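Chain by chain, the residues run as shown.
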Amino acid sequence: MIVQMKKGSTKKEYDHITEFLKSKNLEVKDVSSEAVRIFGIIGDTSTIEPADLYAFDGVQEVTRVSTPFKKASRSFKKGDTIIHLNHGIEIGGDQFVVMAGPCSVESEEQLRIIAKGIKKAGAHILRGGAYKPRTSPYAFQGLEEDGLKLLRKIGDELDLLVVTEIPSADLIPLFEQYVDIIQVGARNMQNFHLLKALGKSKKPILLKRGLSATIEEWLMSAEYIMAGGNEEIILCERGIRTYEKYTRNTLDISSVLAVKDLSHLPVIIDPSHAAGRWTMIDKLSLASLAVGAHGLIVEVHHDPTHALSDGAQSLKINKFTEMMEHLEKVADVLEKKIQ
Ligand code: PEP
Ligand code: MN
């Protein structure tokens, strides 16, 4: 961090702030000239915020030069994090993995039809919401524990891993019993109590980007989980809120490149919640592969017009199968491999 003092600031003001920094075990390197009083802060600056320093008299500008996240950062770990799951599935590195399934688990029959369809098309991980974070309290809220049981049952029947969203920390033991990957939804990305609790879990966490979260805020949420000891995190770009209304959200495809620069964690794309329209999913999936994402999570339904949630963005099984075929073709051209 670099601190520039105001023109005319006093030695007393300078001493006050530098003593504070030294009390935090930080070193101060003075690089002032005659014209400007300026110093660098050396050490672990993740414990202080630029805003803390603006509280001191005489401070003109504070600039961060290193990232506020440590464990999630590329500089913490040189290679890519690769998460090893059952059935030999790997997430991260050179791997591209496809997760697919309904927005909500609605019934055993519904889940089995969709799971069979995605498995046949080549997906390895079954998604499906059991606890649904709906905008309206009157909308379908999910089958809850019965939904978790169905995911496990059908996952085991078809050798598919399962991922589903957790609404709150008290349900962690239940989720650990039934699922392979615990999803943190966009609305909970900054539920720090939940993130801390997940830091103690042994399950990998799929961390969705918040509705209006910056890339730094998203990585700070990953840091919360990692600080607790759980370093198996899969980041998921699912579109962010912008002024654009045509699509449900704006897919920030460049965030994949940013995250890969900044972090060693794997990052996948959810084109379904980004676009909100099934007609766009095929092409956005190809773009996800091309941009270097480590995988996809896609909503699929056998009967989207009767889906209890997110039918408009759900691919029919035949369209999902076509999408997988297109991905294979693009993977060949890019010399990539789809698991
Ligand atoms: C979901 O995956 O069904 C979901 C609710 O996603 P998000 O948290 O990205 O809105
Ligand atoms: Mn959904």
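The notes below deal with the structure included here. (Residues numbered from 1 in each chain as written. Chains lettered and ligands numbered in written order. Predicted model: local features only at pLDDT ≥ 70, side-chain atom pairs only at ≥ 80, totals over all residues. Heavy atoms only, no water.)

What follows concerns the overall build of the protein chain. When helices and strands are counted, the protein chain shows 11 helices and 15 strands. Once the C-alpha set of the protein chain is aligned to its principal axes, its extents read approximately 75 × 45 × 40 Å. For the protein chain, the proportion of its 339 residues judged to be buried stands at 51%. Residue pairs in contact within the protein chain that sit at least 24 positions apart in sequence constitute 68% of those at least 6 positions apart. (Helix = DSSP H or I, 4+ residues; strand = E, 2+ residues; numbered from the N terminus. Buried < 20%, exposed > 50% of the residue type's maximum accessible area, 1.4 Å probe, protein only. Contact = heavy atoms within 4.5 Å.)

Their axes nearest at 10 Å, the elements helix H10 (residues 281-291) and helix H11 (residues 317-334) cross at an angle of 30°. Classified by the angle between their axes, H10 and H11 sit roughly parallel to one another. When you trace H10 past H11, the crossing you get is right-handed. Where H10 abuts H11, its residues Ile281, Asp282, Ser285, Leu286, Leu289 and Ala290 lie against Glu322, Met323, His326, Leu327, Val330, Ala331 and Leu334. Each residue belonging to the contact of H10 with H11 can be placed in one class, and the counts come to nine nonpolar, two polar and two charged. (Axes fitted to C-alpha atoms, helices over the stretch in contact; angles between N-to-C directions. Parallel < 35°, antiparallel > 145°, perpendicular 65-115°, else oblique. Left-handed = near helix turned anticlockwise from the far one by under 90°. Nonpolar A, V, L, I, M, F, W, Y, C, P; charged D, E, K, R; others polar.)

Ligation of the manganese ion (ligand 2) by protein atoms is provided by Cys103 (SG), His273 (NE2), Glu299 (OE) and Asp310 (OD), these donors lying 2.0 to 2.4 Å from the ion. Mapped onto the sequence, the residues coordinating the manganese ion (ligand 2) show the spacing C-x169-H-x25-E-x10-D. Residue Cys103 is found in the loop between strand E7 (95-101) and helix H3 (108-121), and its partner His273 is found in helix H9 (residues 271-275); the two are separated by 170 residues along the sequence. Note on His273: relative accessible area 8%, which makes it buried. (Donors = N, O, S within 2.8 Å, 3.2 Å for Na, K, Ca; no water.)

The next point concerns the pairing of strand E10 (residues 181-184). Consecutive residues of a regular strand have side chains that alternate between opposite faces of the sheet. Going residue by residue along E10, you find Ile181 and Gln183 tucked away on one face and Ile182 and Val184 tucked away on the opposite face as well. As judged from the three bridges shared by strand E9 (residues 161-165) and E10, these two strands associate in the parallel manner. What sits directly across from Glu165, in E10, is Gln183. For the handedness criterion, the β-α-β arrangement of E9, helix H5 (residues 172-178) and E10 is classed as right-handed. Here E10 pairs with strand E11 (residues 205-208) via three bridges, running parallel. Paired with Val184 across the two strands is Leu207, which belongs to E11. Each parallel crossover has a hand, and the one from E10 via helix H6 (residues 192-198) to E11 is right-handed. (Pairing = 2+ DSSP bridges. Right-handed = clockwise from strand over helix to strand, strands pointing away.)

Let us look at the site of ligand 1. Around ligand 1, the surrounding shell consists of Cys103, Arg127, Lys132, Glu165, Gln183, Gly185, Ala186, Arg187, Lys208, Arg238, His273 and Glu299. Contacts to ligand 1 include Lys132, whose side-chain N or O atom sits 3.0 Å from an oxygen atom. Between ligand 1 and Glu299, the relevant distance is 3.5 Å, taken from an oxygen atom to a side-chain nitrogen or oxygen of the residue. Contact with the protein chains removes 97% of the 300 Å² of surface that ligand 1 exposes when unbound. A per-class count over the shell around ligand 1 returns two nonpolar, three polar and seven charged. (Near = heavy atom within 4 Å. Polar contact = N/O pair within 3.5 Å; in protein donor to acceptor, adjacent residues only side chain to side chain. Areas by Shrake-Rupley, 256 points an atom, 1.4 Å probe, with all protein chains shown as cover.)

Turning to the side chain of Glu165, a few remarks are in order. Topologically, Glu165 is positioned in strand E9. Here Glu165 occupies a buried position and makes no salt bridge, while the nearest side chain of opposite charge, Lys132, is found at 5.1 Å. Glu165 has contacts with Tyr131, Pro133, Phe175, Gln183 and Gly185, leaving out every residue within four places of it along the chain. (Lys, Arg positive; Asp, Glu negative; His and termini not counted. Salt bridge = Lys/Arg side-chain N within 4 Å of Asp/Glu carboxyl O.)

In this structure, Asn25 is a non-glycine residue whose phi angle is positive, near 65°. When you line up the elements, Asn25 lands in the loop between helix H1 (11-23) and strand E2 (27-30). Unlike most non-glycine residues, Asp310 shows phi in positive territory, near 55°. Structurally, Asp310 can be placed in the loop between strand E14 (295-299) and H11.

Strand order in the open sheet formed by four strands is E2-E3-E1-E4, and the pairing between neighbours is antiparallel. Only two strands of the sheet have a single neighbouring strand rather than two, namely E2 and strand E4 (59-63). Adjacent strand axes in the sheet meet at a mean angle of 25°, parallel and antiparallel pairs treated alike. Pairing between strand E1 (residues 2-5) and E4: four bridges, direction antiparallel.

Summed over all chains, the structure comprises 16 salt bridges. One salt bridge connects Lys11 with Asp15, and the closest N-O pair in it is separated by 2.9 Å. Here Asp15 and Lys11 lie together in helix H1, a separation of four residues that amounts to about one turn. On the accessibility criterion, Lys11 (52% relative accessible area) is exposed. Asp15 sits in the partly exposed class, given a relative accessible area of 24%. Where Arg209 meets Glu237, a salt bridge forms, and the shortest distance between an N and an O atom there is 2.9 Å. One end of the pair, Arg209, is in the loop between E11 and helix H7 (215-227); the other, Glu237, is in strand E12 (residues 233-237), and 28 residues separate them in sequence. Of the two residues, Arg209 and Glu237, both sit in the buried class. Several salt bridges converge on common partners, so that one network encompasses Glu108, Arg112, Lys153 and Glu157.

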